[in-house]
Amino acid sequence: MATAGTETKRAAREALRDKRRIVVKIGSSSLQHASTGDLDYIRLEKLVRELCDIRNQGKDVILVTSGAIAVGRKAVGLREITEDDGERQMAVKQACAAVGQARLMMTYQKIFAEYNQVAAQILMTKNTIVDDLNRFNAHNTFTQLLRMGVVPIVNENDTVATYEIEIGDNDTLSAIVAALVDADLLILLSDIDGLYTDDPRQNPEASFIPQVDELTEELLAMGKGSTGSNVGTGGMNTKLQAARIATGSGVDMVIANSRDIGILHRILDGGQEGTLFVANREEGFDLPQFVSRLHRRQ
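Cut-offs used in this document
Residues numbered from 1 in each chain as written. Predicted model: local features only at pLDDT ≥ 70, side-chain atom pairs only at ≥ 80, totals over all residues. Heavy atoms only, no water. Pairing = 2+ DSSP bridges. Helix = DSSP H or I, 4+ residues; strand = E, 2+ residues; numbered from the N terminus. Buried < 20%, exposed > 50% of the residue type's maximum accessible area, 1.4 Å probe, protein only. Phe/Tyr/Trp six-rings, centres within 6.5 Å; stacked < 30°, edge-to-face > 60°.

Student: What is the right way to look at the sheet that holds strand E10 (residues 275-277) in this model?
Tutor: Adjacent strands of a sheet form backbone hydrogen bonds with each other and so pair up, either parallel or antiparallel. Spatially, the 8 strands line up as an open sheet ordered E3-E4-E2-E1-E5-E9-E10-E8, and their pairing is mixed. The two strands at the open ends of the sheet, each matched to only one other strand, are strand E3 (119-124) and strand E8 (211-212). When strand E1 (residues 21-26) meets strand E2 (residues 60-65), the two strands line up parallel, connected through 6 bridges. Bridged to Ile26 within E2 is Thr65.

The following block contains the structure:
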């Protein structure tokens, strides 16, 4: 017999069926073949097909995608960026991003076009949110694109971003986007199943946490700066920071494994997939102020 707690959790999952504006984030490691670093076109095609099907249900969809630097690095024949000098390393990353972002968008545009779906590119930095006029214009652009039935594809503007104006990872960026556009749901697709009490790669006794109703300091302390691959920039620490932004802004969030892209429609059908962070809007939560302090929190 189901307990009251079980029924409440089931109701929270069922509520995901009615979400109308959804932000989906996918990481670099989910877009590439681990053995070669080349784009995984089968996974990309499945991702786009899922997103187009969500659009066909009358829902708004925004994709936040990593991968520009990795794609550019591969294109110019760099296995790793190894420069010791900080300025030189930044310049190499920005150059790789310039090459890779164009290639990544070209690939997305081609696949979206196969499903008669129009996609648009939006590149952001911290200043997009911190500056009042920039934030206002970004909000208007997103709103108009969604009214037109377009799928915005968002990435950090790595070609121009420096330490002072970078957001730093797309987990955080996707939560910022979700808050900016008043989304109902944020889905982080990664290489992990969700939130655990410890790193399951290191501790086989770690327990899976299917739902978080309140983001406590104890849970935030579980975040680790590690990541499961040498491609992405976000570990559990950035995902919990994303949960802090999303839930505080009134947005439900799910962390799920991108191993099977079909998990998207199972989540939106109310399935027990990944870890659900239930929205808990904070009165007075100031998104620009939070973003402006990002580096000071690190």
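Student: Explain the pairing of strand E4 (residues 151-156) to me, please; I cannot follow it from the model alone.
Tutor: Each regular strand carries side chains that alternate between the two faces of the sheet. When you tally the buried positions in E4, you get 6 out of 6 residues, the bulk of the element. Residues Val151, Ile153 and Asn155 line one face of E4 and the alternating positions Pro152, Val154 and Glu156 line the opposite face, and both faces are buried. Relative to E4, E2 is paired through 2 bridges, and the arrangement is parallel. Considered in E4, the bridge of Leu63 is made with Ile153.

Student: What is the right way to read the packing of aromatic side chains from this model?
Tutor: Where two aromatic rings form a pair, the distance of their centres and the angle of their planes describe that pair. Within this structure, the stated rule accounts for 3 aromatic pairs. Considering the side-chain rings of Tyr108 and Phe112, the 6.4 Å spacing of their centres and the 40° angle between planes classify their relative orientation as tilted. Residue Tyr108 and its partner Phe112 are both found in helix H4 (residues 86-114); the two are separated by 4 residues, about one turn of the helix. Of the residues examined, Tyr108 reaches a relative accessible area of 1% and is grouped as buried.

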